[in-house]
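Listed below, chain by chain, are the residues.
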Amino acid sequence: MRRRSSASVSFDQMDKGTGKSQQHRLCLLASLSGFFWILLLYFHFAVLGRNAVDDSVKLEPYPLNRDSQTSTFVTDARYTNLPSKSTPSVDTSTKSTPSSSSSEKKEEFQFIRALKTSENKSDPCGGKYIYVHDLPPRFNEDMLKECRSLSLWTNMCKFTTNAGMGPPLENVEGVFSNTGWYATNQFAVDVIFSNRMKQYKCLTNDSSLAAAIFVPFYAGFDIARYLWGYNISVRDAASLDLVDWLSKRPEWGIMGGRDHFLVAGRITWDFRRLSEQEGDWGNKLLFLPAAKNMSMLVVESSPWNANDFGIPYPTYFHPAKDDDVFIWQERMRNLERKWLFSFAGAPRPGNPKSIRGQIIEQCKKSKVGKLLECDFGESKCHSPSSIMQMFQSSLFCLQPQGDSYTRRSAFDSMLAGCIPVFFHPGSAYTQYTWHLPKNYTTYSVFIPEDDIQKSNFTIEERLNQISPEQVKIMRENVIRLIPRLIYADPRSKLETLSDAFDVAVQAVIDKVTRLRRNIIEGRTEYDNFVEENSWKYALLDEGQREVGGHKWDPFFSKPKGEASSDSSGSSAEAAKNSWKNEQRHQS
């Protein structure tokens, strides 16, 4: 047998050893590769899982119910009891668990899509969209079909014509313009405002885009039907029905009604019944929990409550185009005004606090004062032509309290370019903060009622202290305010001017927008908000967050032991007297 050489043996063994080593390396490489891919897949799915969790708390920017024009959202009960006029945010002091944090965040931001519309600079309606509820006709149009029942003493059928403006006024004496003048009832804002809304340029059918939501309920007409001779169940029925209808709508659930607003052409006291006693005045619409969340625009608001806001009484002038306003303003600038001051009104002998008697006496005694007495029977005070003619010929128009704080006459006089003289801050300064300047001295004169009662000086003496140059400046300021104080013809719209409707709608949008941003940022708008001081908040300067003492506190002080919601029933009594005087005027 031939022996293998040592070299060949070692080579052969080496070859076999090398083969085993290569197999071992291949196995090792395969194992490392597999381990690498396992790690890679692990981290990939782990991160993906975390992203999925993060996505679960992000806002869904579109309606959850895609088959509907409105969004379906979950109600956050924390929003339903916030004071309205302060527009504070939710209370963030309560800590929530991680599991509830994501759902709360989702609920807080349900309105983010509406806020984001304002960021679209190419959209002229960004941040201005209004969604209008399609109410059953029993809440509005059906009332107009029964217009004779809307007032016990006034046939409202003629006043609801022409989209709520009433019948046209003939310009027989040349006091008016040739067009745009109507015999408008002072309580017709319900219809005028709703019809103006139909012409609003930024209406939307998608409530998730809405900066605010309008409720076209004719609240003023509703209560007017039942104030006399009806029990409280009848007076409250429509209000309770409305709240029930709204609370079932998905739009309501977004903010618990905090983004909703409605209009009533009566004073606030008609909607603030203090008890369930049959003899108490009005209904309880503004005391309903849901109504406390909404904003209600009325011709006179309460200084002590946060859910109502004052808007102007309607005047006789409803221009259809901008030029109608410009021509009227220029005419008011050029008029010769022969009377230093004037007053149109009747005394209030049953009210010992009223200064009307003294004002009437001063008008009669003054050679530069003009008086239109509004008493029983036929009176020029009921003639729009006579009233406007007197205001147009006067430098100053006296506007004391009526049965309540405010008067339509204040707006008629300013429409005539007459500088108003107020005797109580509640007659204008704390009421119409959306429409009138905070600096009341720029357009009006304030004489405290106490000065008249104590005969510290005569009205004539006080007004003569104002220089002719200052009078001219104040009158020009009044004339410039005219567009903001009138309601344009609801069947058309102004192009460059904002009327009383436009100003009110923008104010509501601003209010809701502030509330939403406060909620997102977890803060309140005011510090230590006190609803009873509601009249003070709108008078704060920009950036102020807390109210203190005010020079007008004595005008709004309440007797001890009085209910916080009213002024010992005197305001309700004033509302009742207002209706009695309406009856007298129709006699």
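Computed from a prediction, not measured in an experiment: that's the story for all the values here.

Rules behind the numbers
Residues numbered from 1 in each chain as written. Predicted model: local features only at pLDDT ≥ 70, side-chain atom pairs only at ≥ 80, totals over all residues. Heavy atoms only, no water. Salt bridge = Lys/Arg side-chain N within 4 Å of Asp/Glu carboxyl O. Helix = DSSP H or I, 4+ residues; strand = E, 2+ residues; numbered from the N terminus. Buried < 20%, exposed > 50% of the residue type's maximum accessible area, 1.4 Å probe, protein only. Expected span 1.5 Å × (residues − 1). Arc of directions from axis to C-beta. Contact = heavy atoms within 4.5 Å. Pairing = 2+ DSSP bridges. Axes fitted to C-alpha atoms, helices over the stretch in contact; angles between N-to-C directions. Core = buried A, V, L, I, M, F, W, Y, C linked by side-chain atoms within 4.5 Å. Right-handed = clockwise from strand over helix to strand, strands pointing away. Disulfide = S-S within 2.5 Å. Phe/Tyr/Trp six-rings, centres within 6.5 Å; stacked < 30°, edge-to-face > 60°. Lys NZ or Arg CZ within 6 Å of the ring centre and 35° of its normal.

So what about the pattern of salt bridges? Which residues, and what values?
A full pass over the atoms with the stated rule returns 27 salt bridges. Of the charged contacts in the structure, one is a salt bridge between R225 and D222, with a shortest N-O distance of 2.6 Å. Linking R225 with D222, this pair stays in helix 6 (residues 219–226), spanning three residues, or about one helical turn. The pair formed by R225 and D222 is uniform in burial state, with each residue classed as buried.

A description of helix 10 (residues 322–334) should follow, citing residues and the corresponding values.
Taking 1.5 Å per residue as the helical rise, helix 10 with its 13 residues ought to reach 18 Å, and the 19 Å between its terminal C-alpha atoms agrees with that figure. All buried positions along helix 10 are accounted for by D322, D324, V325, W328, Q329 and M332. Seen along its axis, helix 10 keeps its buried residues to an arc of 160°; they face one direction. Within helix 10, the exposed residues directed more than 90 degrees away from the buried face are I327 and N334. Structurally, helix 10 contributes buried residues whose contacts are with helix 12 (384–392), helix 13 (409–415) and helix 16 (468–485).

Describe the sheet that holds strand 5 (residues 308–310), with residues and values.
If you trace the five strands from one edge of the open sheet to the other, you get 1-2-3-4-5, paired in parallel fashion. Each edge of the open sheet is held by one strand with a lone partner, namely strand 1 (130–132) and strand 5. The average angle at which neighbouring strand axes cross in this sheet is 35°, direction not considered. As defined by bridge partners, strand 2 (residues 212–214) adjoins strand 3 (residues 260–267) across two bridges and the pair is classed as parallel. Along strand 3, the bridge assignment pairs F214 with F261. Lying over the sheet, helix 5 (residues 189–197) contacts strand 1, strand 2, strand 3 and strand 4 (295–300), oriented at roughly 145° with respect to strand 3. Running at roughly 45° to strand 3, helix 6 makes contact with strand 3 and strand 4 of the sheet.

Account for the nonpolar core, naming residues and giving values.
F193, L297 and F396 are the most contacted members of the largest nonpolar core, which totals 77 residues. Considering every element that reaches this core, the biggest residue donor is helix 17 (residues 500–521), with nine residues. Those residues in contact with L297 that lie beyond four places of it in its chain are F193, F261, L262, V263, A264, F309, I311, W434, A504 and V508. With 36 residues, the next largest nonpolar core counts L135, M143, F217 and W281 among its residues.

With reference to specific residues and values, describe the pairing of strand 7 (residues 369–373).
Judged from the five bridges that link them, strand 6 (residues 339–345) and strand 7 form a sheet pairing that is parallel. Its bridge partner being in strand 7, G345 is matched across the sheet by E373.

With reference to specific residues and values, describe the pairing of strand 9 (residues 419–422).
Judged by which residues are buried, strand 9 turns out to be covered on both faces: I419 and V421 on one side and P420 and F422 on the other are all buried. Here strand 8 (residues 394–399) pairs with strand 9 via four bridges, running parallel. By the bridge assignment for strand 9, Q399 is matched with F422. Each parallel crossover has a hand, and the one from strand 8 via helix 13 to strand 9 is right-handed. Pairing analysis gives two bridges linking strand 9 to strand 10 (residues 445–446), with the strands arranged parallel. Its bridge partner lying in strand 10, V421 is registered against V445.

Any details on the sheet that holds strand 6? Residues and values, ideally.
Spatially, the five strands line up as an open sheet ordered 7-6-8-9-10, and their pairing is parallel. Strands at the two margins of the open sheet, each flanked by one partner only, are strand 7 and strand 10. Contacts between helix 11 (residues 356–365) and the sheet are confined to strand 6, strand 7 and strand 8, with strand 6 contributing the most and set at about 135° to the helix.

An account of unusual backbone geometry is needed here, citing residue identities and associated values.
One non-glycine residue, S455, lies in the positive phi region at around 55°. Take S455: it is sitting in the loop between helix 14 (449–453) and helix 15 (459–464). We classify S455 as exposed; its relative accessible area is 57%.

Let's hear about the state of the cysteines: which residues, and what values?
Scanning the entire structure with this criterion turns up three disulfides. Covalently, C125 is tied to C202 through a disulfide, its sulfur atoms 2.1 Å apart. Here C125 and C202 share a disulfide; its torsion about the S-S bond, -80°, makes the bridge left-handed. Taken together, the positions of C125 in the loop between helix 3 (112–116) and strand 1 and C202 in the loop between helix 5 and strand 2 put the pair 77 residues apart, joining distant regions of the chain. Residue C125 shares its accessibility class with C202, and that shared class is buried. Here C147 is linked by a disulfide to C157, with a sulfur-sulfur distance of 1.9 Å. Here C147 and C157 share a disulfide; its torsion about the S-S bond, 90°, makes the bridge right-handed. Taken together, the positions of C147 in the loop between helix 4 (141–145) and helix 5 and C157 in the loop between helix 4 and helix 5 put the pair 10 residues apart, joining distant regions of the chain. Take C147 and C157: they sit in the same class, and that class is buried.

Any details on the environment of C381? Residues and values, ideally.
With respect to the element layout, C381 can be found in the loop between strand 7 and helix 12. By relative accessible area, which is 9% here, C381 ends up buried. Here the alpha-carbon distance between C381 and G345, two residues 36 residues apart in the chain, equals 7.2 Å. Other than its neighbours up to four places away in sequence, C381 contacts A344, G345, L372, E373, C374 and I387.

I'd love a proper account of the packing of aromatic side chains, names of residues and values included.
Evaluation of the coordinates by the stated rule reveals 29 aromatic pairs. On the numbers, 5.0 Å between centres and 15° between planes, the contact of F309 with W434 is stacked. In this pair, F309 sits in strand 5 while W434 sits in the loop between strand 9 and strand 10, placing the two residues 125 residues apart along the sequence. A residue is classified by how much of its surface remains accessible, and W434, at 18% relative accessible area, is buried. Feature note: the residues F422, Y429, Y440, F446, W552 and F555 constitute an aromatic cluster, connected by ring pairs. Across the ring face of F187, the terminal group of R266 is positioned such that the distance to the ring centre comes to 3.6 Å. When the ring centre of Y316 is taken as reference, the NZ or CZ atom of R408 above it lies at 4.0 Å.

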